[in-house]
Amino acid sequence: LETNALSQQRSVAVILSENLSQVTDRGRLMALAAESWFDGRRTSTGEHIAQLLATDQVFLRVAVYDSQLALQFQTSPPASEGGPPAALQDAVERLSGRPDTAVETVRVASSHPENWAVPLLYPVSGQGEQPVGYLLAELDLGYLLQLYRDVELGPTGAIHLLAGDGLVLAEARAEGLVGNTPTRR
């Protein structure tokens, strides 16, 4: 019985990992589309990104920043006032020196437990080695969790969404999402 349970847990973990990989690939597609923003095709780029967002419910909003982190475009206003410039800068530093296919979480400690989003930061490549900008895509945890609503977690089971360094970004239990303030695991 215990072997069967471990096997099922591994299967769910593999499925979750593949689904998250597909989600991050969709964000990379938007980052590729954002390249044309910096090539001067702003109207068509904004329309293209908005169209991608409308057809893909996994992201709540998208914002494009230049290399100095000045906001260039957004599909909708952020949920919180003022934005997280320090958190964005921290994420940019963690991306530094990594391949342009990398993605980094923006570590924003939310004071609103109803904030069901995880901001993901993608570099927007240019002609040189350094990114010309960044695309911020807010992952909708509600959408992601509904994909697993039929998975039987049991009374003590949980699904953890972790950053690459082990930081817990979100936790889902049988009763639903249990906060999303980043914590160490």
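See the structure shown above.
This text gives an overview of the structure that appears in the document. Here the structure is a predicted model, which means the values were calculated and not measured.

The rules behind the values
- Residues numbered from 1 in each chain as written.
- Predicted model: local features only at pLDDT ≥ 70, side-chain atom pairs only at ≥ 80, totals over all residues.
- Heavy atoms only, no water.
- Core = buried A, V, L, I, M, F, W, Y, C linked by side-chain atoms within 4.5 Å.
- Buried < 20%, exposed > 50% of the residue type's maximum accessible area, 1.4 Å probe, protein only.
- Helix = DSSP H or I, 4+ residues; strand = E, 2+ residues; numbered from the N terminus.
- Contact = heavy atoms within 4.5 Å.
- Axes fitted to C-alpha atoms, helices over the stretch in contact; angles between N-to-C directions.
- Parallel < 35°, antiparallel > 145°, perpendicular 65-115°, else oblique.
- Left-handed = near helix turned anticlockwise from the far one by under 90°.
- Nonpolar A, V, L, I, M, F, W, Y, C, P; charged D, E, K, R; others polar.
- Salt bridge = Lys/Arg side-chain N within 4 Å of Asp/Glu carboxyl O.
- Pairing = 2+ DSSP bridges.

1. Side note on the nonpolar core
Item 1. With 29 residues, the main nonpolar core has I49, F59, L135, L139 and L161 as its most contacted residues.
Item 2. Those elements giving two or more residues to this core turn out to be α1 (2-38), α2 (42-55), β1 (59-66), β4 (117-124), β5 (133-140), α4 (141-146) and β7 (167-173).
Item 3. Among the elements that make up this core, the one with the highest residue count is α1 (six residues).
Item 4. With sequence-adjacent residues up to four places away left out, L135 is seen in contact with G27, M30, A31, A34, I49, V62, A63, V64, L120, L121, Y122 and V124.
Item 5. Formed by 13 residues, the second largest nonpolar core is a distinct cluster that contains Y65, A87, L88 and L95.

2. Structural notes on the packing of α1 against α2
Helix-helix packing: each pair is described by the crossing angle between the helix axes and the interaxial distance.
Item 1. At a closest axis distance of 8 Å, the pairing of α1 and α2 adopts a crossing angle of 165°. Viewed along their axes, α1 and α2 adopt a mutual orientation that is roughly antiparallel. Every pair of crossing elements has a handedness; the one defined by α1 and α2 is left-handed. Touching L29, M30, A33, A34, S36 and W37 of α1 are R42, T45, G46, H48, I49, L52 and L53, all from α2.
Item 2. When grouped by side-chain class, the residues that make up the contact of α1 with α2 number eight nonpolar, four polar and one charged.

3. Notes on the pattern of salt bridges
Item 1. Scanning the entire structure with this criterion turns up four salt bridges.
Item 2. Ionic pairing is found between D25 and R28, a salt bridge with its closest N-O pair at 2.7 Å. Remark: R28 and D25 occur in helix α1; sequence separation between them is three residues, near one turn of the helix.
Item 3. For R28, a relative accessible area of 24% gives the class partly exposed.
Item 4. Between E138 and R61 there is a salt bridge, with its nearest N and O atoms 3.1 Å apart. Placement of E138 in strand β5 and of R61 in strand β1 is noted, with a sequence separation of 77 residues between them. Each member of the pair, E138 as well as R61, carries the same accessibility label: buried.

4. Points about the pairing of β4
Item 1. Among the eight residues that make up β4, eight are buried, leaving the element largely enclosed by the rest of the structure.
Item 2. Burial along β4 is two-sided: A117, P119, L121 and P123 and V118, L120, Y122 and V124, pointing in opposite directions, are all buried.
Item 3. In the sheet, strand β3 (residues 104-105) pairs with β4 via two bridges, with the strands oriented antiparallel. Looking at the pairing, T105 lines up with L120 of β4.
Item 4. Inspection of the sheet shows β4 paired to β5 by eight bridges, in the antiparallel sense. In the sheet register, A117 faces β5, and the bridge partner there is D140.

5. Remarks on unusual backbone geometry
Item 1. With a phi close to 65°, L69 is a non-glycine residue in the positive phi region.
Item 2. Tracing the sequence through the fold places L69 in the loop between β1 and β2 (71-74).

In short, the description is geometric, and any link to function would need to be established separately.
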